[in-house]
Amino acid sequence: MARPVTLFTGQWADLPIAEMARMTAEFGYDGIELACWGDHFEVDRAIAEDDYCDKHRKLLDDAGLQCHAISAHLAGQAVLDTIDARHKSILPDYVWGDGDPAGVNERAAEELKNTARAAQKFGVEVVNGFTGSSIWHLLYSFPPVPPSMIDDGFALLAERFNPILDVFGECGVNFALEVHPTEIAFDIHTAARALEALDHRKEFGFNFDPSHLIWQGIDPVQFIRAFPDRIYHVHIKDAIVTLDGRSGINCSHLNFGDSRRGWDFRSPGRGGVNFEEIIRALNEINYDGPLSIEWEDSGMERTFGAKEACAFTKKLDFSPSNVAFDAAFDG
């Protein structure tokens, strides 16, 4: 099973898509996962312009790149979040509008619906993204948090996402939540509860990313085994815990790249994720989709890192055996 190795463009959206496609091919990737920001994949234009998707697909074809997913993390964040000034910097002007929180939530939900329609038009079956969360700030239960407040957060997920997922179903596209801090699902238990809140409908699954689990103390392999039929896409990203007796796991309001943090992201193979076991677990569940590198390492030059990560992932991947190793002993 030679899974395609792709590069997620979210951290490269400062570059034009034509340049990004050329660089991705030169780095050695089989394909590209397009972010729905910058000019990498513009949902409004994909919906409004008859030839936008065809032109975009031709650009990728000419570079020899596959595309299996587009990603709408930024708009998705604003669906469940309590909106504040931070969201203005990550949203298109037409989603932010006048900044009225309820209006932003509504427009973000419409943007996700249109992303499903755009994905169908572009010929991909997975939209990766975030949901946001109205209850993330309640993580530490003081003042004491009554269970009803957490219940309300998952009820809001159902209220706002079921209509979105209806459109995904109509389009034959799945939404893959990247389980991640600040989202409604950030670990195994909250992921299970999110599925429950949405009645386990097929259109909702996960973009598996081990980097967001390992620093929480969660074994990423256990996530794969918990949701074998819901892993719709995979990110290859690494992280490392750097607790030194002074740092804390909550990172003291220190930004990524600060050596005083208790954990940080690393280029694949340079952190604490056991990718060997992840590949074996993906083989067990018969996952044959992309291994998409989301490259984030504040301490490394990104073109060097992207090339190295591509080579690392291609060397890492292997197919499961179709025979028992000791079958030759029989007879």
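Each remark here, short or long, concerns the structure printed above.
Residues numbered from 1 in each chain as written. Predicted model: local features only at pLDDT ≥ 70, side-chain atom pairs only at ≥ 80, totals over all residues. Heavy atoms only, no water.

(A) Local environment of helix H12 (residues 302-316). The end-to-end C-alpha separation of H12 is 20 Å, in line with the 21 Å expected for 15 residues at 1.5 Å each. Residues of H12 that are buried include every one of Gly305, Ala306, Ala309, Cys310, Thr313 and Leu316, and no others. Taken around the axis of H12, the buried residues stretch over an arc of 135°, which confines them to a single face. Every exposed residue of H12 that faces more than 90 degrees away from the buried side is listed here: Ala311 and Lys315. For H12, the secondary structure elements touched by its buried residues are strand E1 (5-8), helix H1 (17-27), strand E7 (231-236), helix H11 (275-284) and strand E10 (291-293). (Helix = DSSP H or I, 4+ residues; strand = E, 2+ residues; numbered from the N terminus. Expected span 1.5 Å × (residues − 1). Buried < 20%, exposed > 50% of the residue type's maximum accessible area, 1.4 Å probe, protein only. Arc of directions from axis to C-beta. Contact = heavy atoms within 4.5 Å.)

(B) Structural view of the packing of aromatic side chains. In the structure shown here, the tally under the stated rule is 18 aromatic pairs. Ring geometry for Phe8 versus Trp37: centroids 6.0 Å apart, planes at 90°, classification edge-to-face. Highlighted residues: Phe8 in strand E1 and Trp37 in the loop between strand E2 (31-35) and helix H2 (43-48), separated in sequence by 29 residues. With respect to class, Phe8 is no different from Trp37; both count as buried. Ring centres of Phe168 and Phe175 lie 5.8 Å apart, and the angle between their planes is 80°; this geometry places the pair in the edge-to-face category. Taken together, Phe161, Phe168, Phe175, Phe204, Phe206, Phe208, Phe223 and Phe227 form an aromatic cluster joined through their ring pairs. Between Arg57 and the ring centre of Phe122, over which it is positioned, the NZ or CZ distance is 4.3 Å. Cation over ring: Arg261 sits above Trp263, and NZ or CZ is 4.8 Å from the ring centre. (Phe/Tyr/Trp six-rings, centres within 6.5 Å; stacked < 30°, edge-to-face > 60°. Lys NZ or Arg CZ within 6 Å of the ring centre and 35° of its normal.)

(C) Representation of the pattern of salt bridges. All chains considered together, the criterion is met by 22 salt bridges. Notably, a salt bridge pairs Asp317 with Arg3, separated by 2.4 Å at the nearest N-O pair. With Asp317 in the segment after H12 and Arg3 in the segment before E1, this residue pair connects regions lying 314 residues apart in the sequence. This pair shows no difference in class: Asp317 is buried, exactly as Arg3 is. In this structure, Glu284 engages Arg225 in a salt bridge whose closest nitrogen and oxygen atoms are separated by 3.3 Å. Linking Glu284 in helix H11 with Arg225 in helix H10 (residues 220-226), this pair joins segments that are 59 residues apart in sequence. Accessibility expressed as a relative area gives 42% for Arg225, which makes it partly exposed. Salt bridges linked by common partners bring Asp209, Lys237, Glu294 and Glu296 together as one network. (Salt bridge = Lys/Arg side-chain N within 4 Å of Asp/Glu carboxyl O.)

Bear in mind that shape data such as this cannot, by itself, settle questions of function.
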